[in-house]
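An overview of the molecular structure
As a plain string of letters, each chain reads:
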Amino acid sequence: MNVRGAVLREMGRPGPYAESRPLEIVDLELAPPGPGELLVKVGAAGLCHSDLSVINGSRPRVMPMVLGHEAAGEVVAIGGSDGGDAGGFAVGDHVVLSFVPTCGHCGPCRAERPALCEPGAAANAAGTLLGGERRWHAPGDDHLHHHLGVSAFADHVVVDHHSAVKVDPSLPYEIAALFGCAVLTGVGAAVNSAQVTPEDRVVVFGLGGVGLAALLGARMAGAAEIVAVDVVEEKLEHARRLGATPVHAGDGAVEAIKQATSGGGDKVIETVGSARVLQQAYEATRRGGTTVTVGLPHPEQRLDIQAVSLVTEERTLKGSYLGSCVPGRDIPAFVTAYQEGRLPVDELLTHRIALDEVNEAFDRLAAGAAVRQAIIF
Ligand SMILES: [Zn+2]
Ligand SMILES: [Zn+2]
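Here is what the cut-offs are and how they apply
Residues numbered from 1 in each chain as written. Chains lettered and ligands numbered in written order. Predicted model: local features only at pLDDT ≥ 70, side-chain atom pairs only at ≥ 80, totals over all residues. Heavy atoms only, no water. Donors = N, O, S within 2.8 Å, 3.2 Å for Na, K, Ca; no water. Helix = DSSP H or I, 4+ residues; strand = E, 2+ residues; numbered from the N terminus. Buried < 20%, exposed > 50% of the residue type's maximum accessible area, 1.4 Å probe, protein only. Core = buried A, V, L, I, M, F, W, Y, C linked by side-chain atoms within 4.5 Å. Contact = heavy atoms within 4.5 Å. Phe/Tyr/Trp six-rings, centres within 6.5 Å; stacked < 30°, edge-to-face > 60°. Salt bridge = Lys/Arg side-chain N within 4 Å of Asp/Glu carboxyl O. Pairing = 2+ DSSP bridges. Axes fitted to C-alpha atoms, helices over the stretch in contact; angles between N-to-C directions.

1. Focus on the coordination of the zinc ion (ligand 1)
Coordination of the zinc ion (ligand 1) by the protein involves Cys 48 (SG), His 69 (NE2) and Cys 181 (SG), with metal-donor separations of 2.0 to 2.2 Å. When the donor residues of the zinc ion (ligand 1) are listed from N- to C-terminus, their spacing reads C-x20-H-x111-C. One end of the pair, Cys 48, is in the loop between strand 3 (37-47) and helix 2 (49-55); the other, His 69, is in the loop between strand 4 (65-66) and strand 5 (71-78), and 21 residues separate them in sequence. One exposure class covers both Cys 48 and His 69, and it is buried.

In structure tokens form, the structure reads like this:
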């Protein structure tokens, strides 16, 4: 079938993207879903900082690629002759797409650590669906890749059913989409990786979609105190309205955090993707505390911390991918928390845009002038 989608052909084009236009909006040919795959009509897709990291080349991916990895939509066809092989999905189901396909059979999947799914990681690195297939074709170009098994920036996508989670159809698509990356990653970092409890003083570095979701996750977990750190005044003001103590990032931030938390955070969550900020997050963690890192620094960056403090202060430094979530378990639980008013993820959504405005929207994201922007199809 014919589909409109946003294709990235080369990384590292300089901004402003409104002029350099790294994402081309083009007509694509989408092959029908194979066995175990779903054709999904995309309702909304979110713009994430890690899409921007592919555009600017700090998170290299195989090119060319239909970009985007945060989406929600409706199943409109199921591949294969017997629908039984497609995880029990039915035409008409509303789904959230998850950016790590979860095979369910490998060691990490069996250990309830699907963020580390081995076939999922291999498929994501190769830019294919979980089964190794590519379903995109463009005129004169047969080598388009899938982004993290999702490729959200298109009006229809084919995904492996292991990339989809069924959700309540009453949820608006632009809210549902947020659960696929920002909420899974940020709320998961707080409740699964950091395991925030009501006794905890929590610090969140970076107030983008993931950081703000981590703040909401810590709030849902009943954290005694939440400190929010960013450079953008409007984001700090937003965090203050959500009950956090704002601290301006930069020199003096660690001291200010220690003051606000009487000695440092019990749980400190870094979402910026910079080794320098991770070092600050470590320094802002109290003795016995846990520093969780969610951001994606450039592969060449190295971390400089006092090694002995891990032992003498019994500290934990922990990486968190996919919020250490099991998508099929955690997405429905987080949706229920949203519907019950305990997790107001609509606070993340700042802009609704059209597919044609995607380059301008990435300028806005790069400038820190947006939290989550959703393409509405
Ligand atoms: Zn993301
Ligand atoms: Zn697996």
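2. Some words on the nonpolar core
If you look at the biggest cluster of nonpolar residues, it comprises 62 residues, and the most contacted ones within it are Phe 179, Val 183, Leu 215 and Ile 269. Those elements that place two or more of their residues in this core are strand 10 (164-167), helix 5 (173-176), helix 6 (182-193), strand 11 (201-205), helix 7 (209-220), strand 12 (225-230), helix 8 (233-241) and helix 12 (327-339). Examining the composition of this core, we find that seven residues originate from one element, helix 7, more than from any other. In contact with Phe 179, not counting residues within four places along its chain, are Val 96, Leu 171, Leu 184, Ile 331, Phe 334, Val 335, Tyr 338 and Val 345. The next biggest cluster of nonpolar side chains, apart from the first, holds 47 residues, and it includes Val 26, Phe 153, Val 159 and Leu 365.

3. Considering the packing of aromatic side chains
The tally for this structure, following the rule as stated, stands at three aromatic pairs. Measuring from centroid to centroid gives 5.6 Å for Phe 99 and Tyr 321, while their planes differ by 75 degrees, and the two rings are edge-to-face. Of the two residues, Phe 99 sits in the loop between strand 6 (94-97) and helix 3 (107-110) while Tyr 321 sits in the loop between strand 16 (316-319) and helix 12, which places them 222 residues apart along the sequence. On the accessibility criterion, Tyr 321 (31% relative accessible area) is partly exposed. Plain terms: the ring middles of Phe 153 and Phe 362 are 6.2 Å apart, the flat faces sit at 55 degrees to each other, and that makes the pair tilted.

4. Side note on the pattern of salt bridges
As enumerated under the stated definition, the model contains 17 salt bridges in all. Linking Arg 4 and Asp 27 is a salt bridge whose minimum nitrogen-to-oxygen distance equals 3.6 Å. A residue pair is termed long-range when its members are at least 10 positions apart, and Arg 4 in strand 1 (residues 2-8) and Asp 27 in strand 2 (residues 23-30) qualify at 23 residues. Judged by its relative accessible area of 34%, Arg 4 falls in the partly exposed class. The partner of Glu 37 in a salt bridge is Arg 135, and the shortest N-O contact between them spans 2.8 Å. Within this pair, whereas Glu 37 is found in strand 3, its partner Arg 135 is found in the loop between helix 4 (118-126) and strand 7 (136-137), the two being separated by 98 residues in sequence. What makes Arg 135 buried here is its relative accessible area of 14%. Through salt bridges with shared partners, a single ionic network connects Arg 4, Asp 27 and Asp 356.

5. Observations concerning the sheet that holds strand 12
Ordered in space as 13-12-11-14-15-16, the six strands form an open sheet in which the pairing is parallel. The open sheet has two edge strands, strand 13 (245-248) and strand 16, and neither has a second partner. Across the sheet, the axes of successive neighbouring strands diverge by a mean angle of 20 degrees, strand direction being ignored. Two strands pair when backbone bridges link them, and strand 11 and strand 14 (residues 265-270) are joined in this way by four bridges, in the parallel orientation.

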